[in-house]
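One-letter residues, chain by chain:
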Amino acid sequence: MAARRRLDRRVRAEQLALRHAVRLGHLRESARRRRYVGRAESEDFRRWTPVEPILRPHLDDPPSWDIYTNARTCYPDLPEYHLMFPFLYRRLTQTSEVHLYTSLNGIYWDRVPGGPVLEPGDPGSWNGEFIVAGKQLVPLGNDTIAIPLSASTHPHKYPRWP
């Protein structure tokens, strides 16, 4: 009976903590006709703080590139390691590439140098035109992780693409 009371108290404490936790939304916004990722907070999913941009295209990125989906995640079992795998949408070719961003606090983000971590495959292959990283890294064992990937043989706007 004492164990049951401890369990009930712990469950109530966790429910209370969840009720008062800050909810974060990593949103996609559009400014100056370019897309970027923004951040807002809410305690109840009804009232949100103003959206703050957290990822924007770099000044050396072509003006036809946008940052689309955020694919924000943490390293498995290490929630203090914030990672994001947004795809950069190349409007002129209707293709994409995925880059890696990191953050110490989940608010300020930096792109990891070295170019994309995922790129489309050869034309005509299963991932030949358009790729998007999913959410949550997947542990594969032997100190190996992966990120889910969605891919297409066609450009993003297909069949509108001439």
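Model, not experiment: these values are computed from the prediction.

Would you explain the overall build of the protein in this entry?
A count of helices and strands for the protein gives one helix and 14 strands. Residue pairs at least 24 apart in sequence account for 40% of intrachain contacts in the protein once pairs closer than 6 positions are excluded. Total accessible area on the protein is roughly 10,800 Å²; 55% of this is exposed by carbon and sulfur atoms.

What exactly am I supposed to notice about a nonpolar patch on the surface here?
A cluster of nonpolar side chains, Tyr 75, Leu 78, Tyr 81 and Ile 145, forms an exposed patch at the surface whose accessible area comes to about 340 Å². Along the chain, Leu 78 turns up in strand β6 (residues 78–84). By relative accessible area, which is 31% here, Leu 78 ends up partly exposed.

Looking at this model, I keep getting lost on the pairing of strand β11 (residues 130–133). Mind explaining?
Across a regular strand the side chains alternate sides, sitting on one face of the sheet and then on the other. Covered by surrounding structure in β11 are Phe 130 and Val 132 together with Ile 131 and Ala 133, the residues of both alternating faces. As paired elements, β11 and strand β14 (residues 149–152) share four bridges and run antiparallel to each other. If you follow Ile 131 over to β14, its bridge partner there is Ala 151.

Mind showing me how you'd approach the confidence of the model for the protein here?
Note that predicted coordinates carrying low pLDDT should not be read in detail. Averaged over all residues, the pLDDT of the protein is 78; the fraction at 70 or higher stands at 78%. Element-level pLDDT for the protein is lowest in helix α1 (residues 2–19), with a mean of 42, against a maximum mean of 94 in strand β10 (residues 110–111). Under a pLDDT of 50 for its full length, residues 3–24 has, in the predicted model, 16 contacts with residues more than four places off or in other chains.

Hey, could you run me through the side chain of Arg 90 in this one?
Mapping Arg 90 onto the fold places it in strand β7 (residues 87–90). In this view, Arg 90 contacts Ser 64, Trp 65, Thr 95, Ser 96, Glu 97 and Pro 120; residues no more than four positions away in its chain are not counted.

Would you take a moment to explain the sheet that holds strand β8 (residues 95–98) for this structure?
The strands making up a sheet are joined through hydrogen bonds of the backbone, oriented either antiparallel or parallel. Strand order in the open sheet formed by three strands is β4-β7-β8, with antiparallel pairing between adjacent strands. The sheet is open, and its two edges are formed by β4 (65–67) and β8, each paired on a single side. When strand polarity is set aside, the average angle formed by the axes of neighbouring strands in this sheet is 25°.

Could you clarify how one ought to interpret the environment of Trp 126 in this entry?
Residue position: Trp 126 is located in the loop between β10 and β11. For Trp 126, a relative accessible area of 56% translates into the label exposed. Taking the C-alpha atoms as reference points, Trp 126 and Ser 152, separated by 26 residues in sequence, lie 6.0 Å from one another. If near-sequence neighbours (up to four positions away) are discounted, Trp 126 is found in contact with Leu 149, Ala 151, Ser 152 and Thr 153.

What is the right way to look at the nonpolar core in this model?
Looking at soluble globular proteins, one finds that nonpolar side chains tend to be buried together. Of all hydrophobic cores here, the largest spans 14 residues; its most connected members are Phe 85, Phe 87, Val 98 and Ala 133. Where this core is concerned, the elements lending two or more residues are β7 and β11. No other element matches β11, which puts four residues into this core. Discounting chain neighbours no more than four positions away, the residues touching Val 98 are Phe 85, Pro 86, Phe 87, Pro 116, Val 117, Leu 118, Ile 131, Val 132 and Ala 133. The next biggest cluster of nonpolar side chains, apart from the first, holds nine residues, and it includes Val 37, Leu 55, Trp 65 and Leu 88.

Cut-offs used in this document
Residues numbered from 1 in each chain as written. Predicted model: local features only at pLDDT ≥ 70, side-chain atom pairs only at ≥ 80, totals over all residues. Heavy atoms only, no water. Helix = DSSP H or I, 4+ residues; strand = E, 2+ residues; numbered from the N terminus. Contact = heavy atoms within 4.5 Å. Areas by Shrake-Rupley, 256 points an atom, 1.4 Å probe, with all protein chains shown as cover. Patch = residues over 30% accessible without salt bridge, like charges linked within 9 Å, V, L, I, M, F, W, Y side chains within 5 Å. Salt bridge = Lys/Arg side-chain N within 4 Å of Asp/Glu carboxyl O. Buried < 20%, exposed > 50% of the residue type's maximum accessible area, 1.4 Å probe, protein only. Pairing = 2+ DSSP bridges. pLDDT = per-residue confidence, 0-100. Axes fitted to C-alpha atoms, helices over the stretch in contact; angles between N-to-C directions. Core = buried A, V, L, I, M, F, W, Y, C linked by side-chain atoms within 4.5 Å.

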